[in-house]
Amino acid sequence: MKPADFPPPFDASEFVAAPSDPDDERIQVGVLIVGAGPAGLACAIRLGQLLEGAPQIAARLGDVPVAVLEKGKQPGSHLLSGAVVNPRSLRTLFKGRVKTSEMPFYGRVEHESVYLLTQGRAMRIPAPPTMRNHGNFVASLSQLGRWLGERAEEGGATILPETTAAKLLVTDGRVRGVRTGDRGRGRDGAELANFEPGSDVLARVTVLAEGTQGHLTGVALGRLALEGDNPQVWALGVKEVWRVARPLDRVIHTMGWPLRAGPKYREFGGSFIYPMGDDMVTIGMVVGLDYRDAELSVHDLLQELKTHPLLRGLLKGGERVAWGAKTIPEGGFLSLPRRLHAPGLLICGDGAGLVNVPALKGIHYAVESGRLAAEAAFAALQPGETPWRPGALARYDESLRDSFVWDDLRRVRNMRPAFGRGLVLGGALAGAMTATRGAFPPGSSDLEPDADQELISAGGAASYPAADGKLTFDKLSSVFLSGNKTRDDAPNHIRLQTDVPRELARLWENMCPAQVYEAVEGGVEVTASNCVQCGAITAKGGRLTPPEGGSGPEYTLT
């Protein structure tokens, strides 16, 4: 049995429509950016810089030349990453306007260690070339997002928080904008006293920068025939921030335990431990969602990891202060869309799959793609040009292919599928790929959807530690620590079959870090208000749709 045998009750055509509001009620903006993450905000910042030198074009775009929709409470609310940031793209974006020392970083990486773990030992190994971070900077992505949002507003962008993009507005093959989601509906969909209907937001150019598992990005890829040759595959990362008694002077990565090396398990991933100043560290566990054991839980693997002597020593005397979870697109070059533009539309950042898995990097690719998207949109707004002319936005694809982003991803294109053969063989193949700069093996591997993996029950949960409230924690206390803002009576935004075999119900129950799913007699029950919108269910047999604006986590340190 596999999750794909039980597809969710989801039809993408439900989320594509023509504008329906009367002309005088439609919201008109110049460029509409969906998502206030690093890609969307970099796009807004660069557009502000370009329009500053082109007042005539800015005037033609109306009162709101650049608008950014953000479904969270504010920019940064839904952002989570490791994060060690390569500053290259941020320096290019600000071009001397902002110094690196003025960016919200916790410090430069001066030392790093990589360990291969067994249950009781940590063997230090040389850092693979792809994982060397000397000269990069440790950051909180949620803090970086808020800072970038301030820079975007200073440049003239209008940020609309607590606003979901529910439908893609398309007429005659041209993307016209989005329809925002309703607010103030009850669990059964009925209008409450505070009901506010969604609105049509029309733009000359729409930029989808929704991040991982973007709802409209997935709809657009299928509707506009943009999908590439391979499906996207995903990993799930669960992260904690700790206030600690002793400072950490290096970034640490681990591989091996508590993951199992055998190819039958398909358990690919590892952990990161990064210093956040002198008094905090962040620790996370990342696991590919093509794993097969229905009992595996990434949240509980992180709890188990903390019982290792290496981690226990780092966290001794500390206190957990933040928690969160998020999926990561792992297909890389193999899973890139056929095109990243369509008439009136651009796609950038994690939504496009611009993540380098071996290097554990995606933030600077998101910033670079947002900047290039802004420049392509600006070029298509020049007198005599129209952004919905076929090919008018092709400059974006061309510039991305000429950038370091494309070259970086191409060189490591076959590494992620190699690890489907197990840690030992996958590591050997990855070494050969690194040594040949991607020339070996020739060609490209194939990927299969995470939901197509056959399930097994292999005892993954047998060694998970009980929550003690000091070092190890349960899922519900972790959801509380995320600052989850979802109303208990909000409509269910998760689509999945509930009448499913117990093995699949157990997979979903264990997979979810927020205890949204519970295996019961005859299927699975869903507590949607727990959801932190990590996106794992979309990879493993269900589908997230847009929640009510302002719901979900309120991340501040992740």
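Residues numbered from 1 in each chain as written. Predicted model: local features only at pLDDT ≥ 70, side-chain atom pairs only at ≥ 80, totals over all residues. Heavy atoms only, no water.

Participant: How would you summarise the layout of surface pockets if you had to cite specific residues and measurements?
Facilitator: Considered as a void within the structure, the second largest pocket measures approximately 840 Å³ in volume. Forming the walls of the second largest pocket are 36 residues, and the residues nearest its centre are Gln213, Glu227, Gln232, Trp234 and Arg543. Contributing elements (two or more residues each) for the lining of the second largest pocket: α5 (215-223), α15 (536-539) and β25 (543-544). No other element matches α5, which puts six residues into the lining of the second largest pocket. Partitioned by chemical class, the residues of the lining of the second largest pocket number 17 nonpolar, 16 polar and three charged. Mapped onto the domain boundaries, the lining of the second largest pocket takes at least three residues apiece from domain 1 (28-99 + 142-184 + 195-228 + 336-402) and domain 2 (105-138 + 232-332 + 454-544). (1 Å grid on protein atoms, 1.4 Å probe; cavity = no way out; pocket = protein on both sides within 12 Å on 5 of 7 lines; lining within 4 Å. Points joined across faces, edges and corners; volume = space filled by probe spheres on them. Helix = DSSP H or I, 4+ residues; strand = E, 2+ residues; numbered from the N terminus. Nonpolar A, V, L, I, M, F, W, Y, C, P; charged D, E, K, R; others polar. Domains from an automatic or database assignment.)

Participant: Please provide a residue-by-residue account of the pairing of strand β19 (residues 319-329), values included.
Facilitator: Burial within β19 is extensive, with eight of its 11 residues counted as buried. In the sheet, strand β15 (residues 234-243) pairs with β19 via 10 bridges, with the strands oriented antiparallel. Note that in β19 the partner of Trp234 across the bridge is Pro329. (Buried < 20%, exposed > 50% of the residue type's maximum accessible area, 1.4 Å probe, protein only. Pairing = 2+ DSSP bridges.)

Participant: Tell me what's going on with the domain arrangement of the protein chain, and back it up with residues and numbers.
Facilitator: What the domain assignment lists for the protein chain is domain 1 (28-99 + 142-184 + 195-228 + 336-402) and domain 2 (105-138 + 232-332 + 454-544). Between the C-alpha centres of domain 1 and domain 2 the distance comes to 29 Å. The partner domain 2 presents 35 residues to the 29 residues of domain 1 that form the contact. Carbon and sulfur atoms make up 56% of the area that domain 1 and domain 2 hide from each other, which totals about 2500 Å². At the surface where domain 1 touches domain 2, the tally comes to zero salt bridges. Taken together, the links from domain 1 to domain 2 amount to 12 residue pairs in polar contact (both at pLDDT 80 or more). Of all the secondary-structure elements, those providing two or more residues to the side of domain 1 that touches domain 2 are β4 (84-85), α3 (88-94) and α5. In terms of residue count, the dominant contributor to the side of domain 1 that touches domain 2 is α5 (three residues). Taken together, the residues of the side of domain 1 that touches domain 2 break down into 13 nonpolar, 11 polar and five charged. (Contact = heavy atoms within 4.5 Å. Buried area = accessible area lost by both parts, 1.4 Å probe. Salt bridge = Lys/Arg side-chain N within 4 Å of Asp/Glu carboxyl O. Polar contact = N/O pair within 3.5 Å; in protein donor to acceptor, adjacent residues only side chain to side chain.)

Participant: Can you tell me about helix α4 (residues 141-154), naming the residues and giving the values?
Facilitator: Taking 1.5 Å of rise per residue, 14 residues should cover 20 Å, and α4 covers 20 Å from first to last C-alpha, within 8% of that figure. Listed as buried for α4 are Leu141, Ser142, Leu144, Gly145, Trp147, Leu148, Gly149, Arg151 and Ala152. Lining the buried residues of α4 we find α1 (38-52), α3, β8 (137-139), β9 (158-160) and α8 (363-380). Residue Gly156 follows α4 closely and has a positive phi angle near 105°. (Expected span 1.5 Å × (residues − 1).)

Participant: Explain the side chain of Lys326 to me, using residue names and the numbers behind them.
Facilitator: Here Lys326 is to be found in strand β19. No salt bridge is formed by the buried Lys326, whose closest oppositely charged neighbour, Glu70, lies at an N-O distance of 8.3 Å. Looking at Lys326, its side chain comes within polar contact range of the main-chain oxygen of His78, at 3.0 Å. Sequence-distant contacts of Lys326, defined by excluding residues within four places in its chain, comprise His78, Leu80, Thr212, Ala235, Leu236, Gly237, Gln533 and Cys534. (Lys, Arg positive; Asp, Glu negative; His and termini not counted.)

Participant: Which residues make up the side chain of Thr217, and what are the values?
Facilitator: As for its placement among the helices and strands, Thr217 is situated in helix α5. In contact with Thr217, other than residues within four places in its own chain, are Leu208, Glu210, Ile347 and Gly351.

Participant: Explain helix α6 (residues 298-305) residue by residue, including any values.
Facilitator: Extensive coverage of α6 is indicated by the burial of eight of its eight residues. Listing the buried residues of α6 in full gives Val298, His299, Asp300, Leu301, Leu302, Gln303, Glu304 and Leu305.

Participant: So what about the pattern of salt bridges? Which residues, and what values?
Facilitator: Considering all chains together, one arrives at 28 salt bridges under this definition. The shortest N-O distance in the salt bridge between Arg320 and Glu240 comes to 3.1 Å. Of this pair, Arg320 sits in strand β19 while Glu240 sits in strand β15, placing them 80 residues apart in sequence. We classify Arg320 as buried; its relative accessible area is 9%. A residue is classified by how much of its surface remains accessible, and Glu240, at 0% relative accessible area, is buried. The residue Glu509 makes a salt bridge to Arg506 at a minimum N-O spacing of 2.8 Å. Taken as a pair, Glu509 and Arg506 lie in helix α14 (residues 502-511) at a separation of three residues, close to a single helical turn. Overlapping salt bridges, with partners in common, bring together Arg46, Glu368, Arg371 and Glu375 in one network.

Participant: Help me get a handle on the sheet that holds strand β5 (residues 105-108), residues and values and all.
Facilitator: Pairing is antiparallel in the open sheet, where three strands are placed in the order β4-β8-β5. The two strands at the open ends of the sheet, each matched to only one other strand, are β4 and β5. Two elements, β4 and β8, share two bridges in a ladder whose sense is antiparallel. By the bridge assignment for β8, Val85 is matched with Phe137.

Participant: Tell me about unusual backbone geometry, and please be specific about residues and values.
Facilitator: The linkage connecting Gly82 with the following residue, Ala83, adopts the cis geometry, with an omega of -5°. Structurally, Ala83 is set in the loop between β3 (66-69) and β4. The residue after Trp257, namely Pro258, is reached through a cis peptide bond having omega 10°. Within the secondary structure, Pro258 is located in the loop between β16 (251-256) and β17 (269-276). For Gln213, which is not a glycine, the phi torsion comes out positive at approximately 55°. Following the sequence through the fold, Gln213 ends up in the loop between β14 (200-208) and α5. A residue is classified by how much of its surface remains accessible, and Gln213, at 17% relative accessible area, is buried. Positive phi, close to 60°, is recorded for Gln533, a residue that is not glycine. Here Gln533 is to be found in the loop between β24 (523-526) and α15.

Participant: Report on the nonpolar core, specifying residues and quantitative values.
Facilitator: Judged by nonpolar contacts, the single largest core of 88 residues is most densely connected at Leu32, Ile33, Phe94, Leu345 and Tyr396. Among the elements that make up this core, the one with the highest residue count is α8 (11 residues). Core analysis: the next-biggest nonpolar cluster, separate from the first, contains 59 residues, Ile283, Met285, Leu296 and Leu504 among them. (Core = buried A, V, L, I, M, F, W, Y, C linked by side-chain atoms within 4.5 Å.)

Participant: Outline the packing of aromatic side chains, listing residues and values.
Facilitator: Counted according to the given criterion, the structure contains seven aromatic pairs. Relative to Phe404, the ring of Tyr365 lies with its centre 6.1 Å away and its plane at 45°, an arrangement referred to as tilted. Of this pair, Tyr365 sits in helix α8 while Phe404 sits in helix α10 (residues 404-411), and the two are 39 residues apart along the sequence. The same class applies to Tyr365 and to Phe404, which are both buried. One cation-aromatic arrangement involves Arg88 over Phe404; the distance from NZ or CZ to the ring centre is 3.8 Å. Above the plane of the ring of Tyr291 lies Lys540, whose end atom (NZ or CZ) is 4.8 Å from the centre. (Phe/Tyr/Trp six-rings, centres within 6.5 Å; stacked < 30°, edge-to-face > 60°. Lys NZ or Arg CZ within 6 Å of the ring centre and 35° of its normal.)

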